[in-house]
Amino acid sequence: MCGIVGYIGDKNGIDIVVKGLQRLEYRGYDSAGVAGISAGKIQIVKKNGRVDVLRQTVEDVKFSSHVGIGHTRWATHGEPSDINAHPHISHKGKVAIVHNGIIENYLSLKKELQKKGKVFLSETDSEVIAHLLEEVLENSAGDMIAALQIVQRTLVGAFAVVILSVDEPNLIYAIKKGTPLVLGIGKGENFLASDGTPLVQYTKSVIYIGDGEILRLSANDFQIYNSDIQEISHATSVLEMEMSMIEKDGYAHFMLKEIYEQPKTILDSMRGRIAADMSEVKLGGINNYAPQLYNANRYLFLACGTSYHAGMVARYVFEQLCRVSCEVDVASEFRYRKPVIHAGDAIFAISQSGETADTIVAIEEAKHHGANIFGICNVVGSTISRVSHEGAYTHAGVEIGVASTKAFTAQLTVLYLFALKIAQSKGTLTPAQIKQYCSELHAIPDQVSEILALSPQILEISKSLKDIHSMLFLGRGVQFPIALEGALKMKEITYIHAEGYAAGEMKHGPIALIDEFVPTVIIAIKDSNYLKVLSNIKEIKARKGKVIAIVNKGDDDIKGIADFCIEIPETSELLAPLLTTIPLQLLAYHTANVRGCDIDKPRNLAKSVTVE
Ligand code: F6R
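Residues numbered from 1 in each chain as written. Predicted model: local features only at pLDDT ≥ 70, side-chain atom pairs only at ≥ 80, totals over all residues. Heavy atoms only, no water.

> In this structure, what is going on with the site of the ligand? I would like to understand it.
Close contacts around the ligand come from 15 residues, with S307, S351, S353, T356 and E492 the closest. Between the ligand and the protein, one listed contact pairs an oxygen atom with a backbone N or O atom of T306 at 3.1 Å. In the environment of the ligand, an oxygen atom lies 3.3 Å from a nitrogen or oxygen atom belonging to the backbone of V402. Its free accessible area being 410 Å², the ligand has 90% of it covered by the protein chains. Elements with a minimum of two residues in the shell around the ligand: α9 (305-322) and α16 (480-494). Its residues assigned to classes, the shell around the ligand shows 5 nonpolar, 8 polar and 2 charged. For the shell around the ligand, the two domains that each supply at least three residues are domain 2 (248-452) and domain 3 (454-612). (Near = heavy atom within 4 Å. Polar contact = N/O pair within 3.5 Å; in protein donor to acceptor, adjacent residues only side chain to side chain. Areas by Shrake-Rupley, 256 points an atom, 1.4 Å probe, with all protein chains shown as cover. Helix = DSSP H or I, 4+ residues; strand = E, 2+ residues; numbered from the N terminus. Nonpolar A, V, L, I, M, F, W, Y, C, P; charged D, E, K, R; others polar. Domains from an automatic or database assignment.)

Structural data, given as structure tokens:
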């Protein structure tokens, strides 16, 4: 969703900010803009469409300023347009702001400000911040920190706001609540951004601004104040990111690069967490809450989208390996169904970005009822990792592709490790079984490499999907969530209507869809559901449906019936999602490519969904 960049130093801040916005494009956006100060005035250029259009315009007008703030906007209040794009400027042109988040009380504030004669140009909630700040500044004798304290307290909702003031051209200010903002510390120059990607090129020394804090930034210095305007100090962190992680490295798309990274990222997520002799799992991140984790009467998995599918897989795995009752919930629904939460329930909050608003709200609800929260996040220092009691990072590296791939398999890996650790502690698995699972997990990265080598065959299958409008994805047992994930990947980047279903449910409704124009992808590996899935394939074929089957190597029975078979290696039933998901990612990728879709920037989607 929206992204923010700020710069102050001796270079042309506009160039640096626009480059930073290009780094943030992966978050999803529809318009972009930049503001700087030149000739004693705030100047703004903002454009509907791609950052490249903005870049061209600022080059054409030779826009230059030693200080700059910029924004990519993902429309919520008001359509994508030049006017609604950020930055927004105050009535008298004193301040310009960029905002990431949502101001929930903007309507009442807007009415009050309009009564006082402020003229609003846009339909956004964000513009209210500029007018409000200018008004409060006038009443605070120009004391920006005092004014920001009042503004921060007045705004309801989530926000990271970065501010330029015409009266203080050598400073940038920022406030934050609930939406991420990172300060990058340079030499004679400083930076601000929504995440580390615009910063890594310049500095690895960062500070994550906390909720309720106020930042004053100059080229050589910065001060951070708490909500009572006392100056506070923050330790700097090292940005765990390399330039190679945010570049395509010769791949046509970030998504493809990330699919191919999985042998390494799966290994990275288990690195140091499995004993060399495979006899035990070690999870450093749960030292203080280990008893609460092992002795919980119930495990609950909360997440959205792909991360929710990881939670669904985990439910099958935890129930079988740990013999404890488990539930999984879409985070956006959790709070609103007034869930029964017992003090001591162990909640796994799963999130690649660690910034998903729905998941954060669900965590707040669970915490309120005394549950212990274990965060499984990819982005280090993210909000969910900080609001969780304990947890584990997935260590998949930066995921730029909007369609999540390597983060999903990293989440699965970490969830398997949690399940094994708990089973080990409860004694629900024997030492020999633990060893067997650890060894099989360890073999997964090589098996993933084997599946990646099938890419040319999967490309050929994709060509048969080029013009179809609708398809089904079926799986049973622990493969049911993988069918859902396969369908999600397909719909988000190809725009083909793809429905994921439990294979056993097919005859209860979706079978009505099947004909020669609606192909079915079915996970039919040799697990405990194999024979039932085989029957499902026959039912589809009897109705002239095309079948693309994911099977184990050498499965001649299904080869004789299905239209296409993708043969993958064997592992134990519960670990197989780590393998079956790979061909589905490639199938979605290649199908999107043959259909000419913009794979890394799928329409309407945002990488990090920071609004409810
Ligand atoms: C799908 C996808 C989304 C995210 C969802 C949750 O490919 O990426 O469905 O999985 O928005 O995001 P995180 O994991 O960041 O909480």
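> Sorry, what's going on with the packing of aromatic side chains here?
The way to describe two aromatic rings as a pair is by their centre distance and the angle between their planes. Tallied over the full model, the rule gives 10 aromatic pairs. The interplanar angle of 70° and the centroid separation of 5.6 Å between the aromatic rings of Y299 and F318 together place this pair among those described as edge-to-face. Of this pair, Y299 sits in strand β16 (residues 298-303) while F318 is found in helix α9, placing the two residues 19 residues apart along the sequence. Overall, Y299 belongs to the buried group, its relative accessible area being 0%. Note on F318: relative accessible area 0%, which makes it buried. Ring centres of F301 and F348 lie 5.3 Å apart, and the angle between their planes is 15°; this geometry places the pair in the stacked category. On the criterion of sequence distance, the pair formed by F301 in strand β16 and F348 in strand β18 (residues 346-351) is long-range, its members being 47 residues apart. (Phe/Tyr/Trp six-rings, centres within 6.5 Å; stacked < 30°, edge-to-face > 60°. Buried < 20%, exposed > 50% of the residue type's maximum accessible area, 1.4 Å probe, protein only.)

> How do you make sense of the sheet that holds strand β8 (residues 172-177) when you look at a structure like this?
Backbone-to-backbone hydrogen bonds join strands into a sheet, with any given pair of strands oriented parallel or antiparallel. Ordered by their spatial adjacency, 7 strands build an open sheet running β5-β6-β7-β8-β12-β13-β14, and the pairing between neighbours is antiparallel. Looking along the sheet, the strands with just one partner apiece sit at the ends: β5 (88-89) and β14 (231-232). As paired elements, strand β12 (residues 214-217) and strand β13 (residues 222-225) share 4 bridges and run antiparallel to each other. If you follow L215 over to β13, its bridge partner there is I224. Packed onto the sheet, helix α5 (residues 144-154) meets β6 (95-103), β7 (157-165), β8, β12 and β13 and runs at close to 25° relative to β8. (Pairing = 2+ DSSP bridges. Contact = heavy atoms within 4.5 Å. Axes fitted to C-alpha atoms, helices over the stretch in contact; angles between N-to-C directions.)

Function-wise, these values are silent; they only describe arrangement.
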